[in-house]
Amino acid sequence: MNDRDIETGLGKLEGWGDKGAGLERCLREIQRDFPKEGEEDRYALEHLFERYRAFEKTDMTFPERMDALIRSAAELTSKENPRWEFVAARLKYCQFSMELQDRLDDLGITCLYEKLQYLTEQGLYGDYILEHYGKQEIEQAEGYLCEDRNHLFTYAGLDLLLKRYVIQDHSRHALETPQEMYLGIALHLAMKEDRNGRMEWVRRFYDMLSLMQVTMATPTLSNARKPYHQLSSCFIDTVPDSLEGIYRSVDNFAQVSKFGGGMGLYFGKVRATGSSIRGFKGAAGGVIRWIKLVNDTAVAVDQLGMRQGAAAVYLDVWHKDLPEFLQLRTNNGDDRMKAHDIFPGVCYPDLFWKMAKESLDQDWYLMCPHEIKAAKGYCLEDSYGAEWEERYWDCVKDRRISKRTVLLKDVVRMILKSAVETGTPFAFNRDLVNGANPNSHKGMIYCSNLCTEIAQNMEAIETVSTEIVDQDGDTVIVNTTRAGEFVVCNLASLCLGNIDVTRGREVEEIVSCAVRALDNVIDLNFYPLPYAKVTNRRYRSIGLGVSGYHHMLAKHGIRWESEEHIVFADQVFERINYAAVKASSAIGAEKGSYAYFQGSEWQTGEYFEKRGYVSGRWRELARTVAEQGMRNAYLMAVAPTSSTSILSGTTAGLDPVMKRFYLEEKKNSIMPRVAPELTMGTFWLYKSAYTIDQTYTVRAAGARQRHIDQAQSVNLYITNEYTMRQLLNLYILAWEQGVKTLYYVRSRSLEVEECESCSS
């Protein structure tokens, strides 16, 4: 088939009416844009056009013909021809835009302003958008739309976005385009900016999103511009050691889950099984009973019918209920002591890893936090580092405190066994976290969140009083509570594979835009709980992370298992952190610092000294921060980004790829999954996660951690060939490298891969 044959075939599309003309334009663009670099490309393009010509001999409807054409392009995707996922995306968008235009024609909508009016009337758009922006501003914003940016979508990314993110009517039909979605989010995020420069921020926010340089977290992408604009990803609560406090924490989780948020709960203050209640010995049921209540709440309060609630529960490695806690998700044992729908995490002091490194044949002591408080007058969990270690041994020696003595190797065996079988418990290195806390002058960090990347000050909510009040003849009961510190996670990610991380100016511009957008989320958010609103506005904490890490390495010709990787990671994340600190300080000078800036390590300069930031530009930035302040108490946290990385056509979070290429069978469709920018040059740089030496993963995490004030979602990928000792060594190495948290241990038997060289 030559170009003349293609032209003749395209001409026959005219018999399909307006839709045929639309498809014709799409195919002409594919013919023009798709690079025909060899016989494989020419064959694939000819095959696609032969398929659409064959449709004329069938009784297929136009939608059926489009579905078949899209499937053909998806099936043509291979590791030899990875670009066909973009051809499939072009055809998918062509189909979508024609269907959307039919709906808009039926509704008589001809411009963006009319569409926003309709969406607002239908309760699909928050009325606050049109309350803040006039018709002229909406028309100006419409001029920012760039439809060519739809060509950046992979087939998988576009399919996910159209199914889950664009606004749909009550019949599940889409009513906005991907570019309108990004613009709507930008309008929301810039809503409270000064009117004189607001439209410029709308443009900048739209550009960073539509160019796939930055992705906001899923709650922000899904809920910005909507009536219930809950924009935060995760929340963290400290569970008090009281009946009232425990049930309040469970209720807090239910309210968060109702609006699509995940939750981290610290149970380290709750008394252990057999502890006393009001002096009655042996009365306490322990933490497992309460965790089962959290588990049932997660199942009962699903997230708007889309998925069940999600919670992580954390316990200290010295808590008396630890052995039962480590068996929550395993499949053997008493099912009454199981909680299969929650995710356990263990908090480790430095002492635990020091002893594990020295010898596993030592005693480890498990104690009840309530007994310690009663006997010693302090809470062991409220200290860290040298003070914690001194108190721990003091408690061990105190005969008033009962102990559950176990061999250290038995504790380690239980932890690793659970990790291999279930992927959990998550690891939270509490001394490392608190030692690097820039706001230690205002509190403690007890645990992390559902994805282990958040590390912010925490404090339990407390009841102050309950009063019966007469109000105009009505009896009202007024409960007064102290807000505590209820942590909120506001997340976004830099798409490292889609920006030039070696150019400092480009990184600074994109980071400054992302930091401002995240800071605006704090004021624009719909909070499911007042406690969350209080803490979020007090600290103004954000979590700027990354996706596309493996994409970035491959793009720059860097092997995962290399010293070059470690050095490069250190350089890139220092550059990002510098840009983030600079941006937050600039916003602080403009809008004011967070409430607790005075006395923080940002203000004293200790933050910079601890991280070895001694160069001239860092010293200058430290002086600037001390003078003009910081807008945000916490800045960086690297989340997993599984869904949003698909949208932006890059690799997930900090993870290596699972496979370079595979075709995923879905109902009535084929979904190609291709490593981004896969070429002969990058092919060998995309080594599968399960074949990578995990020591390089841990060492790279250590290099990055110096520049991340919070934490990272770091997964370990192991095979059945791993011994328990090898896995333990990875945990110890992570601690030695200063890695604050570890997420899942993903275990799989090693698959023997076909020799790619021979197969070619």
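For every chain, the first residue of the written sequence is number 1, and numbering continues from 1 along that sequence. With the structure being a predicted model, the display of local features is reserved for residues of pLDDT at least 70 and the display and counting of side-chain atom pairs for 80 or more, all residues being used for whole-chain, interface and lining totals. Remark: hydrogens and water are excluded; side-chain values derive from all non-hydrogen atoms of the structure.

Brief notes about the overall build of the chain
The helix and strand labels rest on DSSP assignments: H or I over at least four residues marks a helix, E over at least two residues marks a strand, and numbering proceeds from the N terminus. In terms of regular secondary structure, the chain is built from 31 helices and 18 strands. Its C-alpha radius of gyration of 28 Å places the chain within 12% of the 27 Å reference for a compact globule of 760 residues. A principal-axis box enclosing the C-alpha atoms of the chain has dimensions of 95 × 75 × 60 Å. Exposure is judged per residue with a 1.4 Å probe applied to protein chains only, and the accessible area is read against the type maximum: over 50% gives exposed, under 20% gives buried, and values in between give partly exposed. The buried share of the chain, taken over its 760 residues, is 58%. By definition, residues are in contact when any of their heavy atoms lie within 4.5 Å. By sequence separation, contacts in the chain at least 24 residues apart represent 76% of the contacts at least 6 residues apart. Where accessible areas are quoted, they stem from the Shrake-Rupley method and a 1.4 Å probe; at the residue level, only the protein chains shown are allowed to cover. Approximately 30,700 Å² of the chain is accessible, and the part contributed by carbon and sulfur atoms is 47%. This radius of gyration counts C-alpha atoms alone. The globule rule is 2.2 Å times how many residues there are, raised to the power 0.38.

As for the packing of aromatic side chains
Each aromatic pair joins two rings of Phe, Tyr and Trp (for Trp, the six-membered one) with centres within 6.5 Å, and gets the label stacked for planes under 30 degrees apart, edge-to-face for over 60, and tilted for any other angle. In total, this model carries 37 aromatic pairs according to the counting rule given. Seen from their ring centres, Tyr228 and Phe526 are 5.7 Å apart, and the 80° between their planes marks the pair as edge-to-face. Placement of Tyr228 in the loop between helix 12 (218–223) and strand 2 (234–238) and of Phe526 in the loop between helix 21 (504–524) and helix 22 (530–539) is noted, with a sequence separation of 298 residues between them. Exposure remark for Tyr228: the relative accessible area of 55% places this residue in the exposed category. Taking the relative accessible area as the measure of exposure, Phe526 reaches 24% and is therefore partly exposed. Both rings, one in Tyr549 and one in Trp560, keep their centres 5.6 Å apart while their planes meet at 80°; by these two values the pair is edge-to-face. One end of the pair, Tyr549, is in helix 23 (residues 549–555); the other, Trp560, is in the loop between helix 23 and helix 24 (563–591), with 11 residues separating them in the sequence. For the residue pair Tyr549 and Trp560, the accessibility class agrees, reading buried in each case.

Remarks on the UniProt feature "domain: Ribonucleotide reductase large subunit" (unreviewed entry) in the chain
UniProt positions are given in the numbering used here, feature names are shortened, and annotations may be inferred rather than shown by experiment. In this numbering, the UniProt entry assigns the feature "domain: Ribonucleotide reductase large subunit" (unreviewed entry) to residues 618–640. Secondary structure across residues 618–640 comprises 48% helix and 0% strand; the distance between its end C-alpha atoms is 29 Å.

As for the nonpolar core
Grouped together as the largest cluster of nonpolar side chains are 241 residues, with contacts concentrated most on Leu91 and Trp364. Take this core: its biggest share by element is 12 residues, from helix 24. Those residues within four positions of Leu91 in sequence are excluded, and the remaining contacts are Leu23, Cys26, Leu27, Ile30, Leu48, Met66, Leu69, Ile70 and Ala73. Formed by 8 residues, the second largest nonpolar core is a distinct cluster that contains Ala554, Val657, Leu678 and Phe683. Note on terminology: a nonpolar core comprises buried Ala, Val, Leu, Ile, Met, Phe, Trp, Tyr and Cys residues joined through side-chain atoms within 4.5 Å.

Quick look at the sheet that holds strand 11 (residues 487–489)
For two strands to pair, DSSP has to find at least two bridges joining them. Strand order in the open sheet formed by 7 strands is 11-2-3-4-5-8-17, with mixed pairing between adjacent strands. In the strand order of this sheet, the two ends are held by strand 11 and strand 17 (741–742), each with one partner. Taken together, the 5 bridges between strand 2 and strand 3 (residues 262–266) define a ladder with parallel strand orientation. Within the sheet, the bridge partner assigned to Cys234 lies in strand 3 and is Gly262.

Points about the side chain of Gln179
Relative to the assigned elements, Gln179 resides in helix 10 (residues 178–189). If near-sequence neighbours (up to four positions away) are discounted, Gln179 is found in contact with Leu145, Cys146, Glu147, Arg149, Asn150, Phe153, Tyr206 and Ser210.

A look at helix 27 (residues 616–628)
Over its 13 residues, helix 27 extends 18 Å from the first C-alpha to the last, a length consistent with the 18 Å expected when each residue adds 1.5 Å. Within the sequence span of helix 27, burial applies to Trp618, Leu621, Ala622 and Val625. The buried residues of helix 27 occupy one face: seen down the axis, they fall within an arc of 105°. Along helix 27, exposed side chains directed more than 90 degrees from the buried face belong to Gly616 and Glu627. Under the convention used throughout, the expected extent of a helix is 1.5 Å for every residue step, that is, one less than its residue count. Directions from the helix axis toward the C-beta atoms define the arc.

Things to note about the packing of helix 6 (residues 112–121) against helix 8 (residues 135–142)
Interaxial distance between helix 6 and helix 8 falls to 9 Å at its minimum, and their mutual angle equals 115°. Contact residues: Leu112, Tyr113 and Leu116 in helix 6; Lys135, Ile138 and Glu142 in helix 8. Side-chain classes follow a simple rule in which Ala, Val, Leu, Ile, Met, Phe, Trp, Tyr, Cys and Pro form the nonpolar group, Asp, Glu, Lys and Arg form the charged group, and the remainder, Gly included, forms the polar group. Taken together, the residues that form the contact of helix 6 with helix 8 break down as 4 nonpolar, no polar and 2 charged. Lines fitted to the C-alpha atoms define the axes, with helices restricted to the stretch that makes contact. Angles between their N-to-C directions range from 0 to 180 degrees.

Comments concerning unusual backbone geometry
A negative phi holds for most residues other than glycine; trans holds for most peptide bonds. Cis geometry is found at the peptide bond from Thr424 to Pro425, where omega equals 20°. With respect to the helices and strands, Pro425 occurs in the loop between helix 19 (408–422) and strand 8 (426–429). In the Ramachandran plot, Met212 falls in the positive-phi region, its phi being about 60° despite a non-glycine side chain. Looking at the secondary structure, you find Met212 in the loop between helix 11 (198–210) and strand 1 (214–216). Judged by relative accessible area, which is 3%, Met212 ranks as buried. In this structure, Arg225 takes a positive phi of about 80° despite not being glycine. Its location among the elements puts Arg225 in the loop between helix 12 and strand 2.

A few points about the pattern of salt bridges
For salt bridges, the criterion is a side-chain nitrogen of Lys or Arg within 4 Å of an Asp or Glu carboxyl oxygen. For the structure on display, the rule yields 41 salt bridges. A salt bridge links Asp159 to Lys92; the shortest N-O distance between them is 3.8 Å. With Asp159 in helix 9 (residues 155–164) and Lys92 in helix 5 (residues 84–107), this residue pair connects regions lying 67 residues apart in the sequence. Overall, the relative accessible area of 6% leaves Asp159 in the buried class.

So, the environment of Val674
Structurally, Val674 is set in strand 15 (residues 669–674). With a relative accessible area of 15%, Val674 lands in the buried category. Separated by 15 residues in sequence, Val674 and Lys659 place their C-alpha atoms 8.0 Å apart.

Some details on the side chain of Ser222
By secondary structure assignment, the location of Ser222 is in helix 12. Those residues in contact with Ser222 that lie beyond four places of it in its chain are Arg164 and Tyr165.

A look at the sheet that holds strand 13 (residues 543–547)
Taken in spatial order, the 3 strands line up as 1-12-13 in an open sheet, and their pairing is mixed. With one partner strand each, in any of the chains shown, strand 1 and strand 13 form the two edges of the open sheet. Going across the sheet, the axis of each strand differs from the next one's by a mean of 30°, ignoring polarity. Pairing analysis gives 3 bridges linking strand 1 to strand 12 (residues 491–495), with the strands arranged antiparallel.

Comments concerning helix 21
For helix 21, which comprises 21 residues, the first-to-last C-alpha distance of 30 Å matches the rise-based estimate of 30 Å (1.5 Å per residue) to within 8%. The buried fraction of helix 21 is high, at 15 of 21 residues.

Section: the packing of helix 24 against helix 29 (residues 694–705)
Contact geometry for helix 24 and helix 29: axes closest at 8 Å, N-to-C directions at 25°. Accordingly, the angle class assigned to the pair helix 24 and helix 29 is roughly parallel. Taken as a pair, helix 24 and helix 29 cross one another with a handedness that is right-handed. Together, Glu563, His565, Ile566, Ala569, Asp570 and Phe573 of helix 24 and Tyr696, Arg699, Ala700, Ala703 and Arg704 of helix 29 make up the contact between the two elements. Across the contact of helix 24 with helix 29, the residue classes tally to 6 nonpolar, 1 polar and 4 charged. Every angle not falling under 35 degrees, over 145, or within 65 to 115 is termed oblique; those three ranges are roughly parallel, roughly antiparallel and roughly perpendicular. Each crossing gets its handedness from the near helix: less than a right angle anticlockwise from the far helix is left-handed, clockwise is right-handed.

What about the state of the cysteines?
Here, a disulfide means two cysteine sulfur atoms that sit within 2.5 Å of each other. For the coordinates displayed, the defined rule picks out 0 disulfides. Cysteine Cys146 shares no disulfide, and the gap to the nearest cysteine sulfur, in Cys26, comes to 16 Å. With no disulfide partner, Cys379 has as its closest neighbouring cysteine sulfur the one in Cys395, 10 Å distant.

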